[in-house]
Amino acid sequence: MTTAPTTAPSATSGAPPIGSLRLAASGMALIAVTYGIARFAYGLFVPAFREEFGLGAAAAGLIASGSYAAYCAAIAASMLLSGRFAPRRVAVAAGALATTGTTLVAVAPSPSILALGFLIGGASTGLASPPLAEAVAHRVSPSLRDRVQNVVNAGTGVGVAVSGPVALLVGAQWRPAWLAFAVLALAATLWAARTVPPGPTRPGGPAGAGGTRSVLAGLLPAPLLRPGAGRMLTAAAAMGGAASAVWTFGRELAVAEAGLGPTASVAMWIVLGAAGTLGAFTGELASRVGLRRAWALAMPALAAATAAPALAPVLAPAAAAPAAFAAAALFGAVYTALTGLLLLWGTRLYPDAPSFGVGAAFLMIAAGQTAGAPLAGLAADTWSLTAAFALAAVAAALGALIRPRAGARR
C-alpha cells in the first residue's frame, strides 16, 4: 500500500498537542456508548424485543439494518466535516444522538418507536469515529498515535462488556437497562465536551496531496481515490457483512442452539465485549507483522468465530456451550482488531485527511452490515440460524483474500 502524501500531519500542526491519556479515555468512553451500547447492545436484547413486540427474525434483521443504514448516512457527513469543524462539536453531536436513541428504546411503546431509537443510535456511531480519529492524528504525538487510535477504537468492546452486567442486573425488565444506557451516554457526552479538541484540526485553504486545493471547498481530499483505496473499501464491506450475523443473532443462536440459559447467554456477551478490549493492541500487531499479514490472519479467525457456535451443536452437542463462549471471545477480539486494522489502513492511505480515510473504511463496514443483517434474518427464517451463520462465515473467509497491497508501509 502506498500513500499519496509522504508526510503525515504533526501533532503540532495548527494546534498544540493535548493529553494523550485524557483523549484516549474520553474517546474510548464515547465509542463505548455509541458503538458498544447504542448500536451493538441490540443483539443482546433481540430475544426480549422479539417476545414483547412479536418480531420475526426478518423484522429483527431489518431493524438492525436500519441502524446500520443510519450509520452510513451519518458517517458520510462526519467524514467530510470533521476536518473543517471542531472535533468536539461532532463528537458531542454523536453523544447526543446516542443519548436520544437509547432513551427512545427505553420508552418505546411500539416496534416503530423501537426502530426509530436504533436508527438514531446507529447515526451516533457514524458521527463518533471520524472526529476522534482526526483529533488523535493531529493532536497526539506521532510516537503515540497508532496506540491511542486503537485504544479509542477498543471502546466498542468496553461498551459491549458493560451492557452485559446491566442486562443481568435488570433481568427480564429491559427498559431500565436502556434508561441506564441513556445515563451512561449522557455522561460520556459531557466528558467528550471537556476533553476533545475544541478547534478545527485543519485550517481552511489548501489541503490534500501536494498542497493542491481539495474539491468541494476543501471537504474532500485530493486525489480522492488513492492507490489501494478500492481494496480497503471492499475488504471493509466484506468484514461488516460477515460480522452482522453475530451482532444481530449471536445471543439468540446461543440460546436456541447451544442451550445457554438467559444468564449464561448474557455472560457470553460479556465475554465477547471483554475480549474486544484486546483490540487496543492492534497497533502493535500491525507494526510487527504488517497490515497485509495481520488482515490475512484476522479474517479467517472471524470466519472460525462465526462458524463454530453454529456448527458445534450439530457436530459436537456436548461441546456446544463451551464452543459458544470460546467463539464469543474470539469474535470480540478479532472484530475489534479488524476495525483497528481498517482504522490504520484508512489513516495511512489518507494521512492528510484521517477523518476521511477512517470514515470511508467504517462507512463500508456499515454498508456490509446493512446488507448482511437482513440477509442473515432472511436465511434464518428460510432455513435456520445455523445456515445463516455458515453463510456469514463463508463471507469472512472470502474477505481474507482482499488485503492491503503488497509492500504496505507505515
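Going by what an unreviewed UniProt entry lists, the chain is known as MFS transporter and is assigned to Nocardiopsis endophytica. Turning to the chain, the UniProt record has this under Subcellular location (unreviewed entry): "Cell membrane".

Just checking my understanding: could you explain helix α16 (residues 385-399) for this structure?
For an α-helix, the turn length of 3.6 residues means that residues three or four places apart are oriented alike. If you check α16, its first and last C-alpha atoms are 21 Å apart, about what 15 residues at 1.5 Å a residue would give, namely 21 Å. Where α16 is concerned, the buried positions are Leu-385, Thr-386, Ala-388, Phe-389, Ala-392, Ala-393, Ala-396 and Gly-399. What you see down the axis of α16 is that its buried residues fit within an arc of 160°, all on one side. As for α16, its buried residues are in contact with α10 (229-256), α13 (291-315) and α15 (354-382).

Is there a simple way to explain helix α4 (residues 87-107) in this structure?
The end-to-end C-alpha distance of α4 is 31 Å, a good match for the 30 Å that 21 residues give at a rise of 1.5 Å each. Taken together, the buried positions of α4 are occupied by Pro-87, Val-90, Ala-91, Ala-94, Gly-95, Ala-98, Thr-99, Gly-101, Thr-102, Val-105 and Ala-106.

Explain a nonpolar patch on the surface to me, please; I cannot follow it from the model alone.
The grouping of Leu-311, Val-314 and Leu-315 at the surface amounts to a nonpolar patch, some 310 Å² of accessible area in total. Along the polypeptide, Leu-311 turns up in helix α13.

Explanation requested: the nonpolar core in the structure shown.
The nonpolar side chains of a soluble globular protein tend to be buried with one another. Phe-49, Trp-178, Trp-247, Leu-342 and Phe-362 are the most contacted members of the largest nonpolar core, which has 122 residues in total. Aside from chain neighbours lying at most four places away, what touches Trp-247 is Phe-40, Gly-43, Tyr-68, Val-160, Trp-269, Leu-272, Phe-331, Tyr-335 and Gln-369.

How should I be thinking about the packing of helix α6 (residues 142-153) against helix α14 (residues 320-349) in this particular structure?
Remark: α6 packs on α14, axes separated minimally by 10 Å, with the N-to-C direction vectors making an angle of 140°. Relative to α14, the element α6 is oriented oblique. Crossing of α6 over α14 shows right-handed handedness. Listed contacts from α14 to Asp-146, Gln-149, Asn-150 and Asn-153 of α6 are Thr-336, Thr-339, Gly-340, Leu-343, Leu-344, Thr-347 and Arg-348. Across the contact of α6 with α14, the residue classes break down as two nonpolar, seven polar and two charged.

Rules used throughout
Residues numbered from 1 in each chain as written. Predicted model: local features only at pLDDT ≥ 70, side-chain atom pairs only at ≥ 80, totals over all residues. Heavy atoms only, no water. UniProt positions renumbered as here; feature names shortened; annotations may be inferred. Helix = DSSP H or I, 4+ residues; strand = E, 2+ residues; numbered from the N terminus. Expected span 1.5 Å × (residues − 1). Buried < 20%, exposed > 50% of the residue type's maximum accessible area, 1.4 Å probe, protein only. Arc of directions from axis to C-beta. Contact = heavy atoms within 4.5 Å. Patch = residues over 30% accessible without salt bridge, like charges linked within 9 Å, V, L, I, M, F, W, Y side chains within 5 Å. Areas by Shrake-Rupley, 256 points an atom, 1.4 Å probe, with all protein chains shown as cover. Salt bridge = Lys/Arg side-chain N within 4 Å of Asp/Glu carboxyl O. Core = buried A, V, L, I, M, F, W, Y, C linked by side-chain atoms within 4.5 Å. Axes fitted to C-alpha atoms, helices over the stretch in contact; angles between N-to-C directions. Parallel < 35°, antiparallel > 145°, perpendicular 65-115°, else oblique. Left-handed = near helix turned anticlockwise from the far one by under 90°. Nonpolar A, V, L, I, M, F, W, Y, C, P; charged D, E, K, R; others polar.

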